[in-house]
Amino acid sequence: MKMHEMDLIEFLIKEGHTDIAESIKDYRKNTIKMCVKDVENVIAKGTSKIGGFPDLPPEIPYPTMSGYSCKRGDDTERYEKSAMQLVAQINLADIADLDIENKLPHMGILYFFWSGEIDSIHQTNKWVESIADAPENSAYHKVIWYNGDLANLKRTEPPVPYYSKYFTEAFEEKAVEFELTTDYQPLGDVLDCDLFDRLEEVAPDYDIEYLSYDGNKLFGYPTGGNIPDVNTKTHLLFQYGYNVGCLWNIFWIISDEDLKNRNFDKAVFSFDLD
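The following refers to the structure shown. (Residues numbered from 1 in each chain as written. Predicted model: local features only at pLDDT ≥ 70, side-chain atom pairs only at ≥ 80, totals over all residues. Heavy atoms only, no water.)

Let us look at the sheet that holds strand β6 (residues 75-79). Reading across from one edge, β6-β5-β10 is the order of the three strands in this open sheet, with antiparallel pairing throughout. In this open sheet, the two edge strands, each paired with only one partner strand, are β6 and β10 (128-132). Direction aside, neighbouring strands of the sheet carry axes that sit 15° apart on average. Strand direction decides the pairing type here: strand β5 (residues 68-72) and β6, joined by five bridges, are antiparallel. Counterpart to R72 in the pairing with β6 is D75. (Pairing = 2+ DSSP bridges. Helix = DSSP H or I, 4+ residues; strand = E, 2+ residues; numbered from the N terminus. Axes fitted to C-alpha atoms, helices over the stretch in contact; angles between N-to-C directions.)

So, in structure tokens, the structure goes:
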């Protein structure tokens, strides 16, 4: 993807093509890029980061996933209770100035956890039967918002091993920084041929089919080969570039109502799998 210092709509207005800019404004979303940065010292407690161990308050237990048995034909595989991986923790004060639409609270920590599982624990069909030890704890991902005193946070190691089917170690811990940019829905999918051709003519340096940031980000449009739908009533809450094997990205999608009501625990997990 070719990125530009100037947003496409800003470029069109600057060049006098305000009618085209008006025609594509509904296909643009603000997005907050999460970029890895180098730090010399240990990442401080309560800092925005990818991976490592989470900084949790005493009242929030470390997220785990139920053990379960998975029967395929005459064979039964057993998976014990496992700890979820911290994908990212975001100190919301870090993105307050970039969240120009005020979609998120600007205090506290937003945590994203994932077990490494996709859906085996919930499969029950004529080929597979999975039975969870604790059905009430069978979710394989979790989003948590903590809005208390950050002085109470403690770097917390998992109480049980990680999910043994795919990995046994924490995600590599990386410090991050944030930047506001814009994403566009693939314009070839939504514009009529005449308008699309005219846009290509007046903005030849823009790859107008791929104007979305394809890294880790909050909001905007999902990117990848097999992506979840985001419409007028839903939002991409977080995209993480997993890039292991055939799994390219993982996503959390949240409804407009749940976002407004701060029901982050209701965000839906999705993935880009070849």
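Attention now goes to the state of the cysteines. Within this structure, the stated rule accounts for zero disulfides. With no disulfide of its own, C70 lies 19 Å from the sulfur of C246, the closest cysteine sulfur. (Disulfide = S-S within 2.5 Å.)

Let us now look at the side chain of N91. Mapped onto the elements of the fold, N91 is located in strand β8 (residues 85-91). A residue is classified by how much of its surface remains accessible, and N91, at 12% relative accessible area, is buried. For N91, the side chain forms a polar contact with the main-chain oxygen of G46, separated by 3.0 Å. Setting aside its immediate chain neighbours within four residues, N91 contacts G46, S48, G108, I109 and L150. (Buried < 20%, exposed > 50% of the residue type's maximum accessible area, 1.4 Å probe, protein only. Polar contact = N/O pair within 3.5 Å; in protein donor to acceptor, adjacent residues only side chain to side chain. Contact = heavy atoms within 4.5 Å.)

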